[in-house]
Structure formats: structure tokens, C-alpha cells
Amino acid sequence: MNKLRTGAFHTGMILLSLLWLGPVIWVVVMSTRSFDDIAAHGVGSLPRSFTLDTYRQAWTDGGELRALINSMLVTVPSVALSLGLAAVAAFALSRFRIPGRRTILLLMLAGNLLPPQILLIPVAKFSELTGLYDTLWALIAVQVGFGLGFYTFVLHGFMRDLPGEIQEAATIDGAGVGQIFTRVMLPLTRPALAALGALSFTWIFNDLLWAITVLRTDDNMPVTPALLGLQGQFVSSWNVIAAGTVIAAVPTVAVFLRFQRHFVSGLALGAVK
Amino acid sequence: MSDFDPGRRRFLGHLGLAGLGALGASSFLSACASSASGPTTGNGSGAVTIQSNLSSPQAKAAMEKLIANFNAQGKGTASLNTIASETFRTQLPTYLTSANPPDLYTWYAGSVANDYASRNLLLDVSDVWKSLGDYPQSLRTLSTDASGKQIFVPMNNYWWGFFYRKSNFAKWGVQEPKTWTEFLALCETLKGKGVPPIGIGLGDTPWVASAWFDYLNIRINGAPFHRELLAGKQRFDDPKVKAVFTRWREALPYFDPKGKAYPFQEATTALLAGKTGMFLIGTFFADAAPKDALGDLDFFRFPIIDPAVPLAEEAPTDGFFASAKTANPTGTRALLTYLSGVEAQEAYVKASSGIVLPANPKAKASDSPLVVKGKAMLDEAKELTQFFNRDSSDALQPTADTALTKFIDKPDQIDAILREWQTSAEKVFKG
């Protein structure tokens, strides 16, 4: 009976993970097929060719190097800035009796409930008014602005549960507010920050909507619109696009593997109160 | 291009606006600043920027080559900006209305361009047209807006037709039909051999069905009626429009039933594999064909239904228009003059793998038998139409997609479908 249960469990799990991995494998296989193979047999057929030239095409003709650099230039400062600002805000809102702190927090969260689509035109016009349109600055500003509410909310929940005695002890030892924040709160919040860092990195790196809203020069485009740019008006080289997608997935996967440990523990810590 | 000005005031302005003073982030920011600054443009002598939707690798390479040639001539400088065509389509109004727009755009001739012109967004390029005296009158009319000035410079056009594989037609022992009756007979023969006669691809690309509507309408009611209909001067529930669908129903049983599920690219694969007999499509579909199949492709003109109606063909014209707000009108016109010249047009045709005909009558098209045949077909036509969305607007296209897809599913509800189409079209025309 027990054996049967273990067997069923494993079969089920293997099938589930295959379902999960199927599309990924499909993309990887497609990226190694030649264009003529796909054109003659369709995207869904079994591979009849093998080439790695698609990766070269995506990298050089598709301008992926430039696009990846742009993506990093947007993502790294955006993650650092939004997490930094969110940590300060969460510290203030959770550890001090600021009047209306609940309202402020709810307001920040409510901003996140707005669908971003309705803000596309205002954001485009505003970035133009400020002269930031078509610069990476605009994208950083937008990403920080839109991420802030959620990050503050999560960090607030986390910091609120840290024991008050630690703060009191630090105060007695003569630490000021700034010192308490940088030397006591931030180190204690590390798991949550790491988890949010991995999450926000993925979100910002994978964003397409804001990039095509505030940018119009192909040299400035991050990797997602650059992948879109590999599509032709009528006909697309799906093998090259698949290769480009595989390349574009590498940074997020790397970040995730690096922060995986924090990610699980951090989320659990933030969630259970 | 980026309008980043590395001056100190501007830099501080950016800092302040983005609210980024905090957390010693300025080291990140200065790293960003240096990379976000591209070549500066916008002043009268700066480079002309071209916003291009030609994102397929061959077309993109062809455009890059043209711009490099232009820059080498020393008459001015230009820089190319290639944007994914779907993004370009949705962002074009934003580009044109922005405070500091790109100078030149690839886009379609006809009512789409005229629409922008009527909102004073496009540069008057009548000067450029003075050197295009030998262009055919049809292209000149197409590039002229309501107030009589030229606002568009055509680069090339292509044609639509029933494409098939020569080897398959030989195997099945069938010939190209000339008339509607012959066409239906051919369909019957193919069906008897177990091949779905007419391929189509409507999943993801429902607009392909509009080619059938356009062609039947210009064959039965003529091109002038077709244009008036798409301009809102005729009604979709008119009996003349219903006649179009009566004819279409005769051919409907011969459509590939799988065609509703996949996009036209896969319909191309099906045609090449001999799983369908023929396929009404524009020449761009050949980009989705493996190179070894290209020599085996041939096409015939959409069959004649009423010989009394003057012959019209679909010939979508691509080209350029410029922003009225360009900071460098002289440079923009110089670039347009270069692009409309024989040398540039021949270079483009040669470098792009697509089957296109150059707009300049002196420029030589590719001499493949397919292109020669296509050019002859268009030269023979009394009238040229563009395509449903190009003769009307991108806003009207979805109404056609809905109506035509519904018709293919439920042909006996045609009266209700046409009434509905008229209602949704009226909404679009009222804006």
C-alpha cells in the first residue's frame, strides 16, 4: 500500500514537472532548428536539423548584447533604488507613530491595484514633459515608482514583527535613528530584502510594457522589446527568437539560483504573521 | 534619438525629477547617464532619424545598407531606428504627436497617411515629388492628401494572388483558371482528389480574410465602389455588398477547414507541403517559405467574375512620410529624394529577400519569372487598391475581421452579420 502510494506520487510529480518543463524544452529545441526546417515542417514538428547559428544571429544581428546591457542598466539601479526607498519607508511606517501611517500604507498599496494600462498615456506624456522621454532614466523612474508600493507593504509587514526590545536596546546603547536603521534593522531584514530583490529583478528585467511606452530608439531598448524586434512584419524567424529568448532568460535564472535560499525563507517569514 | 544633454543643469534636473537624490545612488546614476546618452539630434543640422517598422532581418539589413550609402554620399547624415512592427503600429500616433518626434517614418500610402495629413502631422513633400516626374499618376494620386499636396513618398509595392506550387498543379493535372467558373471547376477537381482546394490562415491573422472581401468586391462592384464603401460613403448592408457574399458562398465549401485554427504562416507551410491546393495571399508570404521551394512557386490573378468591371488589383504600397514638426526639413527632404532614386530602390530590392516591386519606374525589379509576372499583372490593371485597412483605417479592420470570420462560420446568417458590420463601422466613422 505504502509502496503504491510512493509510486503514484512519483509518477504524478514526474508528469507534472514534464508539463512544466515542456514549453521550456520546446523553446530550447526550436532554437537549434534551421529556418528552412521550421518553414517546411511547422514550429510544432520534431527537429530535423541542428544548428547553433541561431544564437549567433540573435546575439549579433538581433543586437542582444546592447539590449542586455540596457536591461542591466535599468534593472540594477531600479532594484537597488526601489528596495532602498521601500526599506526607509517601511522602517518609518512600522517603527514610528507617524500620524496617518495606516492610510499612507493603504494608499501605496491601492496604487498597485490600478491596472498599469490605464496609466500608459499619462506616463508617456509626463516623461515627455520632463524631458526624460526616450532615456533610460524615464524607465528607471517608472519602475521605481510602480514597485515602491508593494515592496514597502511587504517590508512593513516584516519589520513590524521584529521585536521592539532590539530597537530599545540599541537606543539605550546610544544609537540614533539612522544607526538603528542601517546597523540593526537592515541586517535583520536581509532575508526579506533578498527575496524581494530576486522578485523585483525578475519583474523589472522581464517588463515590456513600460519599455515600449517611454522608449523609442532601438539602441536604448532593453532585452524584451529587442526580442519583439526580432519578429518581422509578416514572417518571423522563430528559431532565432527562441535562441534570443534562451539568452535573455539567463540573467534572471542566475539571480534566482543565487537568491533561491533567501527566496523561500524570506517569503515564508514575510507571509506568516 | 536620445535627447540627453550632458550639461550639468540638465543632469541635476534629471536627478531632482526622478527623486533619486537619496541613498547615495548617484554612482549608479552617473553610470546610467553616460550610457543613456546617444547621438544628439533635434537641431537643424543634426542627423535625420528614420523610425522603421521593417524589422525582419533581411529588410532591416537592406535599410541599414541604404542609410550607410546615404551617409557616405556626404549630403547629410541619417540614423535608422528599427522598431518591432507591432510596437510601431501602436506607437506611431505617439511618435507623431510627441514634442520632439523622429523625422521620417516607414508606413503605408493611402487613407492611413491622409488621415494623419488631415491632422497637420505630416510634412509637405511636394518638393521631393518635383524630381519624381516619371512616377505613374496612380502613385502620385495615392501620395496626395485632401488639400492637394504630396505627403508620402512610395518606396515599393507588392501584389496579391492565388499562389500554388507548379509541381503540385502538374501532378494534379490542372491549369490556372481565368474566370470564376473555371476557378470553381478547379476547386471541384482538387476536392475530388482529396486535397482541400483553398488554403487560408485565420487564427491570429484574421485580416487575411479581408483579401477575399476586397477582391470579390472589386471584381463584382468595382474599385470606386469599394473605396467609397471603405470611406463610409456606402453601406455594408447594401444589396451590392450582399452580392459579394453570395459569390463567396459558392467557394466556401472548398476552403481548408483547418485554416480557421492556424495563422497564415502555417497555411503557407500547408500549401508548400501540398496539403492545400492554392492560397490567396500577398507576396510577403514567400519569406516564410524554405529557399528551395521558392523556384516552384507560381500564382494566378484573382479570377474575373464580371468582364464589364474595369480590372483592379490589390497593390499595397509602402514608403515614407515625415513629421511636420521635424527640426530638419531640408535634410529630411534630401533623404527622401535619395530613397526615391533609382540607385536606392534597386539596392533595397536586391538586399531584401521579399518579392517587391520598386516604386521608381526606372528602377529594375528582380528578374525572377514570378516578379516579372506580378509586375505585368499590376501594369495591366486599370485601378490599384491597397488593402482593407490601408484603404480605410486600422480601426475599421477589426470590424471586418469579426464580420468575415462569422460569415465563414455561419454563412446563412449573412443578413444579420452585415447589419452588425454596418453598425460597428458607423461607430468607427463617427470616431
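Note that the structure is a prediction, hence the values are computed from the model and not measured.

J.: Summarise the overall build of chain A; cite the residues concerned and give the values.
T.: On a plain count of helices and strands, chain A comes out with 13 helices and 0 strands. Along the chain direction, N to C, the helices and strands of chain A fall in the order α-α-α-α-α-α-α-α-α-α-α-α-α. The principal-axis extent of the C-alpha atoms belonging to chain A is close to 75 × 70 × 30 Å. Relative to its full complement of 273 residues, chain A shows a buried share of 43%. Pairs at least 24 residues apart make up 77% of the contacts formed inside chain A by residues separated by at least 6 positions.

J.: Which residues make up the UniProt feature "domain: ABC transmembrane type-1" (unreviewed entry) in chain A, and what values go with them?
T.: Here the UniProt-annotated "domain: ABC transmembrane type-1" (unreviewed entry) positions come out as residues 68-259 of chain A. Secondary structure across residues 68-259 of chain A divides into 78% helix and 0% strand, with the first and last C-alpha atoms of the span separated by 20 Å.

J.: So what's going on with the nonpolar core? Which residues, and what values?
T.: Ranked by internal contacts, the top residues of the largest apolar core, which has 186 residues, are A:Leu139, B:Ala113 and B:Phe163. There are two domains that each give this core at least three residues, and those are domain 1 (48-157 + 316-363) and domain 2 (160-314 + 384-430) of chain B.

J.: Give a detailed account of the pairing of strand E4 (residues 153-157) of chain B, specifying residues and quantitative values.
T.: A regular strand carries its side chains on alternate faces of the sheet. All names here are of chain B. Most of E4 is tucked away: 5 of the 5 residues are buried. Pairing of E4 with strand E10 (residues 317-322) involves 4 bridges; the strand directions are antiparallel. Bridge assignment links Asn 157 to a residue of E10, and that residue is Thr 317. Both E4 and strand E11 (residues 357-358) contribute to a ladder of 2 bridges, which runs antiparallel. Opposite Asn 157, over in E11, you have Leu 357 as the bridge partner.

J.: If you had to explain the domain arrangement of chain B to someone new, which residues and values would you point to?
T.: Residue and element names in this part refer to chain B. What the domain assignment lists for chain B is domain 1 (48-157 + 316-363) and domain 2 (160-314 + 384-430). Computed over C-alpha atoms, the centres of domain 1 and domain 2 are 29 Å apart. Taken residue by residue, the interface counts 13 residues in domain 1 and 13 residues in domain 2. Residues of the side of domain 1 that touches domain 2, tallied by class, amount to 5 nonpolar, 7 polar and 1 charged.

J.: Just give me the short version of the sheet that holds strand E8 (residues 297-300) of chain B, but keep the residues and values in it.
T.: All names here are of chain B. Ordered in space as E6-E7-E5-E8, the 4 strands form an open sheet in which the pairing is mixed. Looking at the sheet topology across the chains shown, the edges are occupied by strand E6 (198-199) and E8. Examined bridge by bridge, strand E5 (residues 160-165) and E8 share 4 bridges and lie antiparallel to one another. From the neighbouring strand, Arg 165 faces E8, where its bridge partner is Leu 297.

J.: How would you sum up the confidence of the model for chain A? Please name residues and give values.
T.: Summing up the model confidence of chain A, the mean pLDDT is 88 and the portion of residues at 70 or higher is 96%. For chain A, the element scoring lowest by mean pLDDT is helix H13 (residues 238-271) of chain A, at 80; helix H4 (residues 64-95) of chain A scores highest, at 93.

J.: Lay out the packing of helix H10 (residues 209-220) of chain B against helix H12 (residues 239-251) of chain B with the relevant residues and their values.
T.: Residues and elements named next belong to chain B. One way to put it is that H10 packs onto H12 with a least axis distance of 9 Å and a crossing angle of 115 degrees. Of the possible angle classes, the one that applies to H10 and H12 is roughly perpendicular. The way H10 lies across H12 gives a crossing that is right-handed. In contact with Trp 212, Phe 213, Leu 216, Asn 217 and Ile 220 of H10, H12 contributes Ala 243, Val 244, Arg 247 and Trp 248. Of the residues assigned to the contact of H10 with H12, the class counts are 7 nonpolar, 1 polar and 1 charged.

J.: Got a sec to walk through the UniProt feature "transmembrane region" (unreviewed entry) in chain A? Specific residues and values, please.
T.: UniProt records the feature "transmembrane region" (unreviewed entry) at residues 7-29, 68-92, 104-124, 136-158, 193-215 and 235-257 of chain A, using the numbering of this structure. Overall, residues 235-257 of chain A shows 87% helix and 0% strand. The separation of its end C-alpha atoms is 36 Å.

J.: For the sheet that holds strand E3 (residues 104-108) of chain B, give the residues involved together with the corresponding values.
T.: All names here are of chain B. Reading across the sheet, the 6 strands line up as E2-E1-E3-E10-E4-E11 and stay open at both edges, with mixed pairing between neighbours. Of all the strands in the sheet, the pair left with one neighbour each is strand E2 (78-82) and E11. Pairing between strand E1 (residues 48-52) and E3: 2 bridges, direction parallel. From the neighbouring strand, Ile 50 faces E3, where its bridge partner is Leu 104.

J.: An account of H12(B) is requested, with residue identities and associated values reported.
T.: Residue and element names in this part refer to chain B. For H12, built from 13 residues, the straight-helix expectation of 18 Å at 1.5 Å per residue is met to within 8% by its first-to-last C-alpha distance of 19 Å. Of all the residues in H12, the buried ones are Val 241, Val 244, Phe 245 and Trp 248. Looking down the long axis of H12, one finds its buried residues gathered within 90 degrees of arc, a one-sided arrangement. Looking at the packing, one finds that the buried side of H12 touches H10, helix H11 (223-230), helix H18 (397-409) and helix H19 (414-430).

J.: Talk me through the confidence of the model for chain B; I want residue IDs and the actual numbers.
T.: All names here are of chain B. For chain B, per-residue confidence averages 85 on the pLDDT scale, and 89% of positions sit at 70 or higher. Here helix H2 (residues 26-36) stands out as the element of chain B with the lowest mean pLDDT, 36, in contrast to H10, whose mean of 96 is the highest. Ignoring residues within four places in sequence, the model shows residues 1-43, a span with pLDDT below 50, making 69 contacts including any to other chains. For this predicted complex, the interface score ipTM comes out at 0.70, alongside a pTM of 0.78.

What counts and what doesn't
Residues numbered from 1 in each chain as written. Chains lettered and ligands numbered in written order. Predicted model: local features only at pLDDT ≥ 70, side-chain atom pairs only at ≥ 80, totals over all residues. Helix = DSSP H or I, 4+ residues; strand = E, 2+ residues; numbered from the N terminus. Buried ≥ 20, exposed ≤ 12 C-beta atoms within 10 Å, placed from the backbone. Contact = placed C-beta atoms within 7 Å. UniProt positions renumbered as here; feature names shortened; annotations may be inferred. Core = buried A, V, L, I, M, F, W, Y, C linked by C-beta atoms within 7 Å. Domains from an automatic or database assignment. Pairing = 2+ DSSP bridges. Nonpolar A, V, L, I, M, F, W, Y, C, P; charged D, E, K, R; others polar. pLDDT = per-residue confidence, 0-100. Axes fitted to C-alpha atoms, helices over the stretch in contact; angles between N-to-C directions. Parallel < 35°, antiparallel > 145°, perpendicular 65-115°, else oblique. Left-handed = near helix turned anticlockwise from the far one by under 90°. Expected span 1.5 Å × (residues − 1). Arc of directions from axis to C-beta.

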